[in-house]
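Chain residues, written in single-letter form:
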Amino acid sequence: MYDIGIIALNDKVIIVSKMLNKEENLYYSNIFTSNIENKQELLNMMSGSNNIYVYMLFFATIFIYMFAVYFASNLVDAMVLGALGYIFARIVKLRLKFKATFNMGVYALTLPILLNLVYIVVNTFTGFKINYFQWMYTTISYIYVAVAILMIKTELINQKIQLIKIKQIQEEVAKEREEEERQKENNREEKKEKEKEEKEDKKQSGEEPEGSNA
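Predicted model, so just to flag it, every value in this text is computed and none were measured. (Residues numbered from 1 in each chain as written. Predicted model: local features only at pLDDT ≥ 70, side-chain atom pairs only at ≥ 80, totals over all residues. Heavy atoms only, no water.)

**Let's talk about the overall build of the protein chain**
Alright, step 1. Check the secondary structure of the protein chain and you find five helices and three strands.
Alright, step 2. Within the protein chain, the fraction of its 214 residues that count as buried is 20%.
Alright, step 3. Counting contacts in the protein chain only where the partners sit at least 6 residues apart, residues at least 24 apart contribute 52% of the total.
Alright, step 4. When the accessible surface of the protein chain is summed, it comes to about 16900 Å², and 60% of that surface belongs to carbon and sulfur atoms. (Helix = DSSP H or I, 4+ residues; strand = E, 2+ residues; numbered from the N terminus. Buried < 20%, exposed > 50% of the residue type's maximum accessible area, 1.4 Å probe, protein only. Contact = heavy atoms within 4.5 Å. Areas by Shrake-Rupley, 256 points an atom, 1.4 Å probe, with all protein chains shown as cover.)

Below, the structure is given as structure tokens:
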């Protein structure tokens with residue numbers, strides 16, 4: 001009937017949590033530095049004058065253990081997201097390394113983790129529940145990775161289009177320069193032809209040529 005609980009048995013503690021999706025067993029001998037091997041010895045220590053330190057040590061151990069398990073779970077989720085992102089990138093014909101898609105998976109899990117933390121706090125203090133929240137939690141990360149890959153694909157396409165336009169403009173500018181050079185060359189040739197014709201006309205009319213040829 002409970003989402004989370006701690007059961008103290010004779011030789012170990014069982015942690016039950018929906019977040020972990022399984023039961024975790026912690027033996028007393030692995031939790032405490034003292035020689036506590038059964039439930040009665042644990043109760044005797046907790047009922048003594050230093051029970052505050054016992055509580056602090058116990059919950060610190062539980063916190064560290066739960067954090068390690070949760071961190072490992074999220075790391076596995078990030079690797080799965082990275083692998084799926086790598087496959088999806090190949091499908092859309094985008095060459096990405098697994099390191100890049102793994103980083104996307106880590107970023108994709110950031111928002112869902114924060115939302116899950118808020119949901120746990122709200123659910124703990126108010127009892128408010130959202131049906132299929134875990135599905136929503138997972139779907140957000142997958143959508144994030146897919147959208148990020150599509151955005152990268154779109155950006156690359158836009159860059160290619162811009163490069164094609166720039167190349168076309170460069171080709172047009174080069175053609176215009178060639179045309180200008182040809183026009184100048186034609187003008188020079190026409191000028192030379194004109195000067196040559198004028199000289200021939202002057203010779204035919206009996207006029208002396210100007211300059212050094214006079």
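Having seen the structure, we can now continue with the description.
**Things to note about helix 5 (residues 133-204)**
Alright, step 1. The first and last C-alpha atoms of helix 5 sit 105 Å apart over 72 residues, in line with the 106 Å expected at 1.5 Å per residue.
Alright, step 2. The set of residues buried in helix 5 consists of Phe-133, Tyr-137, Ser-141, Val-145, Ala-148 and Ile-149. (Expected span 1.5 Å × (residues − 1).)

**Quick notes on the packing of helix 4 (residues 98-126) against helix 5**
Alright, step 1. Between helix 4 and helix 5, the shortest axis-to-axis distance is 9 Å and the interhelical angle comes to 150°. On the basis of the axis angle, helix 4 is roughly antiparallel to helix 5. Of the two elements, helix 4 crosses helix 5, and the hand of that crossing is right-handed. Together, Met-104, Gly-105, Tyr-107, Ala-108, Leu-109, Leu-111, Pro-112, Ile-113, Leu-115, Asn-116 and Tyr-119 of helix 4 and Phe-133, Gln-134, Tyr-137, Ile-140, Ser-141, Tyr-144, Val-145, Ala-148, Ile-149 and Ile-152 of helix 5 make up the contact between the two elements. (Axes fitted to C-alpha atoms, helices over the stretch in contact; angles between N-to-C directions. Parallel < 35°, antiparallel > 145°, perpendicular 65-115°, else oblique. Left-handed = near helix turned anticlockwise from the far one by under 90°.)

**Overview of the pairing of strand 1 (residues 4-8)**
Alright, step 1. Across five bridges, the pairing between strand 1 and strand 2 (residues 12-17) is antiparallel. If you follow Ile-4 over to strand 2, its bridge partner there is Ser-17.
Alright, step 2. Connecting the antiparallel pair strand 1 and strand 2 is a turn made up of three residues. (Pairing = 2+ DSSP bridges.)

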